[in-house]
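# Topology and contacts: notes
The lines below spell out each chain.
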Protein chains: 2
Amino acid sequence: MSKKYVYLFSEGNGKMKELLGGKGANLAEMTSLNMPVPQGFIITTEACNKYYEDSNTISKEIEREIEENIKKLEKLTGKEFGSTKNPLLVSVRSGSRASMPGMMDTILNLGLNDEVVEVIAKKTNNPRFAYDCYRRFIQMYSDVVMEVGKNYFEKLIDKKKAQKGVKLDSELDYKDLKELAKEFKEEYKNKVKEDFPSNAKDQLLGAIKAVFRSWNNPRAIYYRKMNDIPSNWGTAVNVQAMVFGNNGENSGTGVAFTRNPATGENSLYGEFLINAQGEDVVAGVRTPMAISELENVMPEIYKEFVEICKSLEKHYKDMQDMEFTIEDGKLYMLQTRSGKRTAQASLKIACDLYEEGMISKEEALLRIEPKQLDALLHPQFDKESLERANILASAIAASPGAGCGKVVFDAETAIKKAKEGEKVILVRLETSPEDIEGMSYAEGVLTVRGGKTSHAAVVARGMGVCCVSGCGEININEEKREFELKGKIFKEGDYISIDGSTGNVYGEKIKTVDATICGEFETIMNWANEIKALSVRTNADNPRDAKKAVEFGAEGIGLCRTEHMFFEEERISAIREMICSDTVEERENALKKIEPMQQGDFELLYEALEGKSVNIRFLDPPLHEFVPTEESDIIQLAKVMGKSVEEIKNIISSLHEFNPMMGHRGCRLTVTYPEIAKMQTRAVIKAAINVSKRHPEWEIEPEIMIPLISEAKELKFVKEVVKKTADEIIEKEGVSLKYKVGTMIEIPRAALTADEIAKEAEFFSFGTNDLTQMTFGFSRDDAGKFLKSYYENKIYEFDPFAKLDQNGVGKLVKVACELGKKGRKDIVLGVCGEHGGEPSSIEFFHKVGLDYVSCSPFRVPIARLAAAQAQVKFPRKKD
Amino acid sequence: MSKKYVYLFSEGNGKMKELLGGKGANLAEMTSLNMPVPQGFIITTEACNKYYEDSNTISKEIEREIEENIKKLEKLTGKEFGSTKNPLLVSVRSGSRASMPGMMDTILNLGLNDEVVEVIAKKTNNPRFAYDCYRRFIQMYSDVVMEVGKNYFEKLIDKKKAQKGVKLDSELDYKDLKELAKEFKEEYKNKVKEDFPSNAKDQLLGAIKAVFRSWNNPRAIYYRKMNDIPSNWGTAVNVQAMVFGNNGENSGTGVAFTRNPATGENSLYGEFLINAQGEDVVAGVRTPMAISELENVMPEIYKEFVEICKSLEKHYKDMQDMEFTIEDGKLYMLQTRSGKRTAQASLKIACDLYEEGMISKEEALLRIEPKQLDALLHPQFDKESLERANILASAIAASPGAGCGKVVFDAETAIKKAKEGEKVILVRLETSPEDIEGMSYAEGVLTVRGGKTSHAAVVARGMGVCCVSGCGEININEEKREFELKGKIFKEGDYISIDGSTGNVYGEKIKTVDATICGEFETIMNWANEIKALSVRTNADNPRDAKKAVEFGAEGIGLCRTEHMFFEEERISAIREMICSDTVEERENALKKIEPMQQGDFELLYEALEGKSVNIRFLDPPLHEFVPTEESDIIQLAKVMGKSVEEIKNIISSLHEFNPMMGHRGCRLTVTYPEIAKMQTRAVIKAAINVSKRHPEWEIEPEIMIPLISEAKELKFVKEVVKKTADEIIEKEGVSLKYKVGTMIEIPRAALTADEIAKEAEFFSFGTNDLTQMTFGFSRDDAGKFLKSYYENKIYEFDPFAKLDQNGVGKLVKVACELGKKGRKDIVLGVCGEHGGEPSSIEFFHKVGLDYVSCSPFRVPIARLAAAQAQVKFPRKKD
């Protein structure tokens with residue numbers, strides 16, 4: 001049997017998202033729930049993939065299926081596609097498995113031509129409406145299908161308005177619009193060098209192809225990369241009978257959420273416009289009315305809509321985001337989906353749905369996107385500073401959080417400045433999909449136009465970037481790169497602050513402070529702890545970070561990078577002496593200067609952790625990272641060491657490496673200079689003894705981690721150095737301190753020989769950053785030069801340094817876990833690479849049986865939630 | 001039951017080499033063959049390892065076993081150890097599993113003290129003999145056990161000779177020697193601060209410990225590293241009743257081979273000395289007589305010895321190397337082992353043994369050490385140049401081959417100069433184990449003293465380094481760093497030439513030429529081809545190397561590095577233009593200049609290979625390797641390209657990489673600049689079409705190899721570029737050329753995902769050089785700084801770049817082979833890293849099922865033999 005590429009709405013259901021896309025599957029589901037859905041059909045995601053396989057053509061068999069379904073749709077609606085009798089108009093919309101709002105293309109009012117528009121005009125007795133539809137269709141089709149930009153047509157509209165001496169589109173009458181339609185078609189011919197297609201079927205195939213194509217437009221590719229959506233998913237195409245919200249005062253269109261997507265409050269939330277098509281609401285061009293107003297305007301419709309909302313939420317057990325249209329007094333549902341929401345709303349809705357008995361704790365945890373929590377961990381305004389600040393304007397609180405930075409007026413500048421380390425606020429008349437990347441780099445987004453469901457608002461919420469929208473008081477002059485607000489001129493580079501939770505705009509710099517965990521956040525985090533199997537530790541090199549992490553729920557330190565302690569000014573000179581030593585004795589003398597400082601650092605760390613595990617990694621980077629480059633520093637060092645400048649320079653140049661990443665570093669330093677490891681061991685052990693004496697109630701058991709091991713005998717050698725040094729101190733002090741010695745697994749060979757290494761190691765900690773570099777054979781510092789081409793050519797779909805490459809690096813991790821347990825039954829397994837804070841990687845680490853993940857302090861809550869979700873999805877025995 | 005650590009000779013046999021060491025096992029075997037062996041016992045290699053485990057002490061249980069066996073030996077010999085009645089003297093010798101001649105320590109005449117020596121003097125009626133033994137024993141014991149150097153004692157001898165006004169040791173009489181013994185003991189006390197041990201048991205335990213210790217002396221460690229002997233094998237200790245070759249004119253000692261170890265000729269070969277101990281022969285101090293002379297001197301003994309030789313060879317089915325001693329007219333065998341031999345001898349003996357019906361072809365192949373063939377492939381003197389040259393002197397042809405280079409006088413200088421790229425001849429009075437490393441770096445070794453079995457001769461033969469020994473005409477002045485020969489002064493740095501096959505020495509530079517394969521070499525190579533399962537290809541980038549390799553039996557090219565072709569002067573400027581291009585067009589223009597040259601190169605290569613497979617690897621190194629560094633070159637390039645010097649410099653600096661090894665190179669260049677791969681494809685395909693037209697009888701099927709692949713989609717992308725370009729040309733030319741596209745497996749991730757990659761690759765070629773670097777996480781260029789410490793601390797036992805690390809890198813190779821076959825049933829598997837020419841690695845590649853190995857031309861015969869040996873040892877189905 002040949003594959004089925006086209007489904008009527010009545011042939012599908014909500015579970016068929018992979019095949020029908022999210023929008024299509026939900027339209028099918030609503031159809032099966034007998035909700036008022038304009039009927040239509042869905043061309044599957046498989047058809048999209050086949051389109052690409054067939055060198056960007058629609059195969060004959062798919063074309064035939066489309067024709068058959070058009071026939072069926074004609075029967076369902078009693079209308080005829082491309083006919084002048086009772087013409088069927090359709091919308092053509094993209095719809096991929098995951099929601100990608102605004103990323104791909106839509107065409108409305110398809111099926112119109114010079115004859116059909118006249119029929120519509122007569123039938124509706126509304127020629128202005130008919131020609132408004134027609135000119136919109138020509139404009140959209142030209143833009144989407146033939147890439148003739150909207151601006152060409154907008155110029156013609158402006159010209160027409162100037163001729164007529166009017167300001168608003170709505171002041172143009174039916175004749176003006178009819179003339180415009182004619183001029184639009186001429187413009188089309190002018191640009192495309194052929195007539196505007198009048199045949200409905202040609203229009204339809206052109207539109208479908210355009211939607212398929214739009215799957216690979218740069219916006220969509222960027223969005224997918226940012227959201228980890230594979231390029232091979234493809235998009236479905238929804239062809240649906242048109243209903244018209246712009247057919248007079250008894251019509252309208254709107255979008256709504258069953259609950260407040262900004263706060264999570266359980267009340268209907270949304271906006272609508274009378275006599276408008278959907279794009280008018282979403283684009284933020286006209287400022288719409290709140291959904292609650294609908295009760296006054298059309299009480300019956302409102303009642304019906306509220307009922308539908310309730311049953312949709314009950315059916316999907318989640319907050320819904322819906323589009324609807326009212327045509328001539330009749331309500332139609334055009335879309336429903338689980339609504340995007342702020343992190344705060346996400347937490348509240350999950351807690352509320354649980355309280356309302358709709359879902360379990362486990363389901364509640366799954367309702368929250370871990371990455372979103374990031375927004376809650378971002379700085380908020382410092383209360384005192386905020387009290388002193390002046391509110392310059394107040395607009396729509398579109399995406400919560402506080403942002404403070406320098407004004408920029410376009411996405412490119414935002415990206416550029418942010419990459420230079422500056423904090424920026426992107427100020428725009430309104431945002432468009434082209435701005436997405438710039439928005440992700442900004443501290444906040446401020447728009448002049450648009451409501452809570454405008455493009456800026458939706459995208460910013462999704463990103464966790466704060467946003468204030470619809471600040472109409474702003475007069476923006478993009479050319480001069482400045483804006484005026486309340487008589488004050490802000491130029492590019494001036495500071496402003498915005499509060500996406502209140503909608504307030506401040507014309508000044510306001511101090512921000514870190515967030516804390518309380519309320520629903522705390523509830524959810526507690527549930528996560530109840531459920532998760534993985535422990536969550538933190539990567540912290542100083543007591544400040546460590547304390548923050550503990551506040552966020554860290555159960556210990558998974559990685560303390562001791563070299564970070566070496567760079568402080570008073571230490572670096574001793575380090576340099578150590579490096580430039582000729583003899584073991586000289587080296588030991590320099591190390592003696594460093595030892596008390598290291599010991600002090602460790603004491604503070606143990607104090608901060610109050611008895612929780614502290615894993616200390618011994619010196620890792622190559623020594624040349626520490627040597628001076630400035631002539632004056634070299635001279636100074638020569639003086640201190642009683643050597644000639646020449647000698648020092650020779651030592652420095654002898655440290656040069658061709659490939660420092662693969663050079664003399666990590667445990668290799670201990671093999672050549674055991675005295676370094678001895679010093680670090682003394683510092684770790686003495687600090688633990690001292691703090692244990694001060695706090696006998698804590699059970700301090702230092703974990704000493706040897707980096708860059710590639711061979712069991714190498715670890716054995718280093719471990720003997722460590723154990724000999726440690727045991728001597730412990731014996732001398734007459735205490736009974738326990739400590740562990742283990743290793744990073746960050747070299748492929750270590751993973752491959754983990755059974756042997758485990759015989760020497762009490763724990764493994766996967767250093768997935770280096771492991772990724774070695775496994776892929778590229779250095780993170782150098783890969784920038786070619787990775788762009790890799791993303792463009794779809795060779796890599798995501799950044800393997802951000803998200804674990806389960807297919808390659810993951811195999812090594814899995815093998816090492818299995819071998820490690822073979823070598824030592826009770827080996828402790830953790831991860832301290834950046835992947836330890838990334839949800840999909842955490843799920844993988846849960847599945848392969850790690851004991852803990854360790855991540856940066858601000859990722860700890862994310863990791864806790866991700867760990868809990870992993871346990872819900874893939875339960876494993878807990879210790 | 002507790003472990004047995006000590007075995008009487010009569011308790012062992014020849015198969016117990018692992019436990020008893022080679023010497024011990026063979027002494028046991030000879031004992032069981034009823035040959036005249038002085039009896040004794042063996043302390044096992046396990047005891048040696050236990051000695052190290054027990055912190056360098058001999059455990060009580062082992063000491064008890066030694067005592068018991070001394071008792072048994074006393075019974076067997078009827079003598080008493082440490083007694084003045086009928087005193088038993090013993091020798092204590094090392095003996096590891098593999099023969100390590102001269103590497104470890106030996107002590108003779110143990111059991112002597114002031115009383116015992118008198119008993120011996122009386123019993124033998126030869127007081128001079130007794131005291132000669134005694135002073136030798138004190139000297140050896142001091143040196144070996146207490147590290148009091150021999151030179152202290154030699155000074156005393158010299159002093160004594162001066163007092164007496166004599167020149168030779170033999171001119172000293174019994175009283176002199178008695179006095180010397182006394183002085184030696186005083187010297188000992190002086191240095192060691194205690195009395196020389198007079199108790200025999202103390203002497204024995206001291207000597208045994210010293211032998212155990214000598215397993216880890218620097219000479220032994222270096223020898224093991226050079227010969228891939230694991231450090232955990234340990235050495236056994238042989239304690240054997242002394243027989244005395246220095247007990248008058250009816251006594252003697254010698255060493256002999258059953259066949260000529262230099263030529264392989266089937267006639268007894270060796271030397272002996274009358275009235276001497278073994279060390280006198282081996283040390284090369286006195287010049288001995290040829291073994292054939294023994295027939296005249298002691299006809300009965302000679303007859304007996306010849307019989308023993310015959311039966312030993314028959315028993316072991318191999319040429320034997322034996323030590324014997326004649327005590328007072330009675331023959332004793334002290335050692336037998338398979339004799340070291342030159343490569344030429346090795347081949348002849350293997351062929352002869354087969355012809356004599358003693359062994360099969362398969363056994364014959366196993367008799368030859370593949371690495372040894374290297375010597376035969378080394379240059380010989382050019383015949384014409386040799387005819388013109390003047391023979392300055394003629395001495396002993398100790399190790400065959402021709403060597404020409406600059407004179408050096410010590411091992412350190414030899415190593416230094418050789419590392420600087422100079423060819424050197426090491427000239428020494430006589431060599432000692434300390435010289436081994438220097439010898440391995442020299443083109444040849446010339447000694448003043450010593451015979452065919454002297455240290456220099458034995459070691460040089462083992463290494464395949466040519467050697468002329470015993471050139472007594474030389475007057476060497478090591479201090480002035482010069483020697484005089486036939487009135488001519490040679491200073492350090494002057495050229496000489498030596499011929500280790502004739503013994504000739506030339507005071508000039510003589511041209512050398514490459515070797516060819518003929519005679520027994522050819523026979524053995526033909527047998528290897530009959531038997532081996534692996535194909536052997538070569539790594540060659542030019543027709544000259546390729547032809548040489550085909551002469552040596554290469555069955556195709558396994559790796560042609562195209563970038564080597566880029567460095568020629570006329571090409572590099574076009575390459576630089578290509579690199580400094582701003583646009584695809586500029587780049588394509590530059591590539592067009594290179595294309596005809598590349599095509600020409602490939603045509604010559606196809607011609608040279610006459611239809612055999614040619615595997616061409618596309619551009620691999622990062623582009624910055626090609627850019628100019630000289631200011632003048634930069635200015636020139638700027639001029640050619642019509643750019644400013646500034647611009648060119650910016651481009652060059654933008655190419656800088658932190659870790660070039662893991663940077664923008666290999667297939668990554670094709671992903672960013674597909675036009676490079678397109679040009680190379682055109683050159684490969686057009687060349688193949690042209691040569692096919694000229695030679696329709698050859699079936700040319702180019703293999704295009706993509707380097708540095710880490711992901712299937714990456715290969716898919718590059719393959720599409722290649723296939724599109726190639727197919728267009730083939731179609732345009734209207735020919736039916738076949739070609740293959742495959743990849744290197746040199747990145748760990750490629751090995752881990754080889755099933756996916758195999759779907760895109762028609763062949764894999766393991767790039768084990770890079771794979772080793774990535775798997776170990778160290779770069780070959782940088783590892784030098786720490787690998788020495790790794791060898792010293794016995795963390796690594798061998799250089800993983802020379803010999804495949806089967807435990808780590810090998811696992812990836814194995815996994816990739818299995819996955820590769822899963823992904824594509826008929827995938828062709830090869831290796832082109834340097835390991836492809838290393839015997840133990842070849843055995844591994846055979847076992848994991850590769851189709852071919854590829855190595856440098858001079859390694860091809862070695863690889864053929866190693867491949868055949870692998871098939872004999874581990875037979876697999878042949879295609």
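Residues numbered from 1 in each chain as written. Chains lettered and ligands numbered in written order. Predicted model: local features only at pLDDT ≥ 70, side-chain atom pairs only at ≥ 80, totals over all residues. Heavy atoms only, no water.

## A word on the interface of chain B and chain A
Threshold: Any two residues whose heavy atoms approach within 4.5 Å are treated as being in contact. Criterion for a salt bridge: a side-chain nitrogen of Lys or Arg within 4 Å of a carboxyl oxygen of Asp or Glu. Side-chain atoms alone can form a polar contact between residues adjacent in sequence; in general such a contact is a pair of N or O atoms within 3.5 Å, and within protein one must be able to donate a hydrogen while the other accepts it. Think of it this way: any DSSP run of H or I at least four residues long counts as a helix, any run of E at least two long counts as a strand, and we number them from the N terminus. In the scheme used here, Gly and all other residues not listed as nonpolar or charged are polar, with Ala, Val, Leu, Ile, Met, Phe, Trp, Tyr, Cys and Pro taken as nonpolar and Asp, Glu, Lys and Arg as charged.
Contact with chain B, which involves 51 residues of that partner, is made by 51 residues of chain A. Where chain B packs against chain A, one counts four salt bridges. The residue Lys-713 of chain A makes a salt bridge to Glu-797 of chain B at a minimum N-O spacing of 3.8 Å. In this structure, the connection of chain B to chain A is made through 30 residue pairs in polar contact (both at pLDDT 80 or more). At the level of elements, helix H26 (667-672), helix H28 (712-733), helix H29 (748-752), helix H30 (754-758), helix H31 (768-776), helix H32 (780-792) and helix H33 (809-823) of chain B are the ones that each hand at least two residues to the side of chain B that touches chain A. Per element, the largest residue contribution to the side of chain B that touches chain A is six residues, and it comes from H32 of chain B. Across the side of chain B that touches chain A, the residue classes break down as 20 nonpolar, 16 polar and 15 charged.

## Side note on the relation of the copies chain B and chain A
To keep things clear, this is the line we draw: Least-squares superposition of the copies uses the C-alpha atoms of those residues scoring a pLDDT of at least 70 in each of them.
With an RMSD of 0.2 Å, the fit of chain B onto chain A corresponds to turning through 180° and sliding 0.1 Å along the axis. Interpreted geometrically, this transformation is the action of a two-fold axis. Proximity to the rotation axis, assessed at the C-alpha, singles out Asn-659 of chain B in chain B; its C-alpha lies 2.2 Å from the axis. Interface overlap between copies: 100% of the residues of chain B at the interface are likewise at the interface in chain A, consistent with a symmetric, same-surface contact.

## Let's talk about the sheet that holds strand S32 (residues 828-831) of chain B
Residue and element names in this part refer to chain B. Our working definition: Paired strands are those between which DSSP finds at least two bridges. Fitting a line to C-alpha atoms yields each axis, with helices limited to the stretch in contact; the angle taken between N-to-C directions then spans 0 to 180 degrees.
Taken in spatial order, the eight strands of this closed barrel run S26-S27-S28-S29-S30-S31-S32-S33, and their pairing is parallel. For this sheet the average axis-to-axis angle between neighbouring strands, irrespective of direction, equals 25°. Both strand S26 (residues 535-539) and strand S33 (residues 852-855) contribute to a ladder of four bridges, which runs parallel. Pairing of Arg-537 across the sheet is with Ser-854, part of S33.

## A short note on the side chain of Ser-765 of chain A
Residues and elements named next belong to chain A. Inclusion rule: For the exposure calls, accessible area comes from a 1.4 Å probe over protein chains only, and a residue counts as buried if that area is under 20% of its type's maximum, exposed if over 50%, partly exposed in between.
Within the secondary structure, Ser-765 sits in strand S31 (residues 763-766). What makes Ser-765 buried here is its relative accessible area of 0%. Residue contacts for Ser-765: discarding those within four places in its chain leaves Gly-558, Met-705, Thr-743, Met-744, Ile-745, Gly-830, Val-831, Cys-832 and Tyr-852.

## Topic: the nonpolar core
The criterion, for reference: For our purposes a nonpolar core is just a set of buried Ala, Val, Leu, Ile, Met, Phe, Trp, Tyr and Cys residues, chained together by side-chain atoms within 4.5 Å.
Within the largest apolar cluster, 290 residues are counted, with the highest numbers of intra-cluster contacts made by Ile-524, Tyr-606 and Ile-706 of chain A together with Ile-524, Tyr-606 and Ile-706 of chain B. Excluding residues within four positions of it along the chain, Ile-524 of chain B makes contact with Leu-347, Ala-350, Cys-351, Leu-365, Ile-368 and Leu-865 of chain B.

## So, the pattern of salt bridges
Residue and element names in this part refer to chain A. This structure, assessed with the given rule, holds 135 salt bridges over all chains. Across the pair Glu-760 and Lys-719 runs a salt bridge, and its minimum N-O distance is 3.3 Å. Placement of the pair is Glu-760 in the loop between helix H30 (754-758) and S31 and Lys-719 in helix H28 (residues 712-733), with a sequence separation of 41 residues. Judged on exposure class, the residue Glu-760 and its partner Lys-719 are both buried. A salt bridge links Lys-788 to Glu-792; the shortest N-O distance between them is 3.4 Å. Of this pair, Lys-788 and Glu-792 both sit in helix H32 (residues 780-792), four residues apart, which is roughly one turn of that helix. Classification of Lys-788 as exposed rests on a relative accessible area of 59%. Several salt bridges share partner residues, and in doing so they unite Glu-563, Arg-617, Asp-620, Arg-665 and Asp-770 into one network.

## Notes on the pairing of strand S22 (residues 488-491) of chain B
It is a general feature of regular strands that their side chains alternate between the two faces of the sheet. Residues and elements named next belong to chain B. Pairing analysis gives four bridges linking strand S21 (residues 482-485) to S22, with the strands arranged antiparallel. Bridged to Glu-484 within S22 is Ile-489. Linking two consecutive strands that pair antiparallel, namely S21 and S22, is a turn of two residues; a positive phi of about 50° is found at Lys-486 within it.

## Observations regarding the packing of helix H13 (residues 343-355) of chain A against helix H20 (residues 519-531) of chain A
In helix packing, the relevant descriptors are the interaxial angle and the interaxial distance, both defined with respect to the helix axes. All names here are of chain A. As a reminder of what qualifies: Here the word oblique covers every angle except those under 35 degrees (roughly parallel), over 145 (roughly antiparallel) and from 65 to 115 (roughly perpendicular). If you view the pair so one helix is near and one far, a crossing is left-handed when the near helix is turned anticlockwise from the far one by less than a right angle, and right-handed when it is turned clockwise.
The N-to-C vectors of H13 and H20 enclose an angle of 65°; their axes lie 9 Å apart at closest approach. The angle between the axes of H13 and H20 places the two elements in the roughly perpendicular class. Judged by the twist between their axes, the crossing of H13 over H20 is left-handed. Every residue of H20 that contacts H13 at Gln-344, Leu-347, Lys-348, Ala-350, Cys-351 and Tyr-354 is listed here: Glu-520, Phe-521, Thr-523, Ile-524 and Trp-527. Of the residues contributing to the contact of H13 with H20, the split by class is seven nonpolar, two polar and two charged.

## Some details on helix H21 (residues 543-551) of chain A
Residues and elements named next belong to chain A. Stated precisely, the cut-off is as follows: Note: the arc covers the axis-to-C-beta directions of the helix.
Burial in H21 covers these residues: Ala-546, Lys-548 and Ala-549. Taken end-on, H21 shows its buried residues confined to a sector of 160°, consistent with a single buried face. Across H21 from its buried face, at more than 90 degrees, point the exposed residues Arg-544 and Glu-551. By the N-cap criterion, in which a side-chain oxygen at the helix start approaches the backbone nitrogen of a residue two or three places on, H21 is capped by Asn-542, the distance to Arg-544 being 3.2 Å.

## Comments concerning the confidence of the model for chain A
Selection criterion: A residue's pLDDT is the confidence the predictor assigns to it, expressed on a 0 to 100 scale.
In this model, chain A carries an average pLDDT of 92, and 98% of its residues clear a pLDDT of 70 or more. Quick note on the complex model: pTM equals 0.81, ipTM equals 0.80.

## Observations concerning the packing of aromatic side chains
Any aromatic ring pair is given by two values, namely how distant the centres are and how the planes are angled relative to each other. Where we set the bar: Each pair of aromatic rings taken from Phe, Tyr and Trp, with Trp reduced to its six-membered ring, is defined by centres within 6.5 Å and is described as stacked if the planes are under 30 degrees apart, edge-to-face if over 60, and tilted in the remaining cases. Two thresholds decide whether a charge sits over a ring: the Lys NZ or Arg CZ must be within 6 Å of the ring centre and within 35 degrees of the ring normal.
Using the criterion set out here, one finds 52 aromatic pairs over all chains in the structure. Measuring from ring centre to ring centre gives 4.9 Å for Tyr-188 of chain A and Phe-196 of chain A, while their planes differ by 75°; the resulting arrangement is edge-to-face. When its relative accessible area of 1% is taken as the criterion, Tyr-188 of chain A is described as buried. Looking at Phe-196 of chain A, the relative accessible area reads 9%, which means it is buried. Relative to Tyr-134 of chain B, the ring of Tyr-131 of chain B has its centre 6.4 Å away and its plane inclined at 65°; by these criteria the two rings are edge-to-face. With Tyr-131 of chain B and Tyr-134 of chain B both in helix H5 (residues 127-146), this residue pair falls three residues apart, about one helical turn. The pair formed by Tyr-131 of chain B and Tyr-134 of chain B is uniform in burial state, with each residue classed as buried. Within the aromatic cluster, the residues linked to one another by ring pairs are Phe-776, Phe-778, Phe-786, Tyr-790, Tyr-796 and Phe-801 of chain A. For the cation-ring pair, Lys-794 of chain A lies above Tyr-52 of chain A, with the distance from its terminal atom to the ring centre recorded as 5.9 Å.

## Quick word on the sheet that holds strand S17 (residues 424-428) of chain A
Residue and element names in this part refer to chain A. Spatially, eight strands are ordered S14-S24-S23-S16-S17-S18-S19-S15 in an open sheet, and the strand pairing comes out mixed. At either end of the open sheet lies a strand with only one pairing partner, and these are strand S14 (391-394) and strand S15 (396-399). Taken pair by pair, the neighbouring strands of this sheet meet at an average axis angle of 30°, ignoring direction. Of the pairings in the sheet, the one linking strand S16 (residues 402-408) to strand S23 (residues 495-499) comprises five bridges and is antiparallel in character. Bridge pairing in S23 places Gly-403 opposite Ile-498. Against the sheet, helix H17 (residues 411-419) touches S16 and S17, its axis set at about 180° to S17.

## What to know about helix H24 (residues 631-641) of chain B
Residues and elements named next belong to chain B. Those residues of H24 that sit buried are Ile-634, Leu-637, Ala-638 and Met-641. Along the long axis of H24, the arc covered by the buried residues comes to 100°, so they all point the same way. Looking one or two residues past H24, Gly-642 carries a phi angle of roughly 60°, positive in sign.

## Focus: the environment of Gly-405 of chain A
Residues and elements named next belong to chain A. In this structure, Gly-405 sits in strand S16. C-alpha of Gly-405 to C-alpha of Lys-732: the two residues are 327 residues apart in sequence and 56 Å apart in space. With near-sequence residues (within four places) excluded, Gly-405 lies in contact with Lys-423, Val-424, Ile-425, Asp-494, Tyr-495 and Ile-496.

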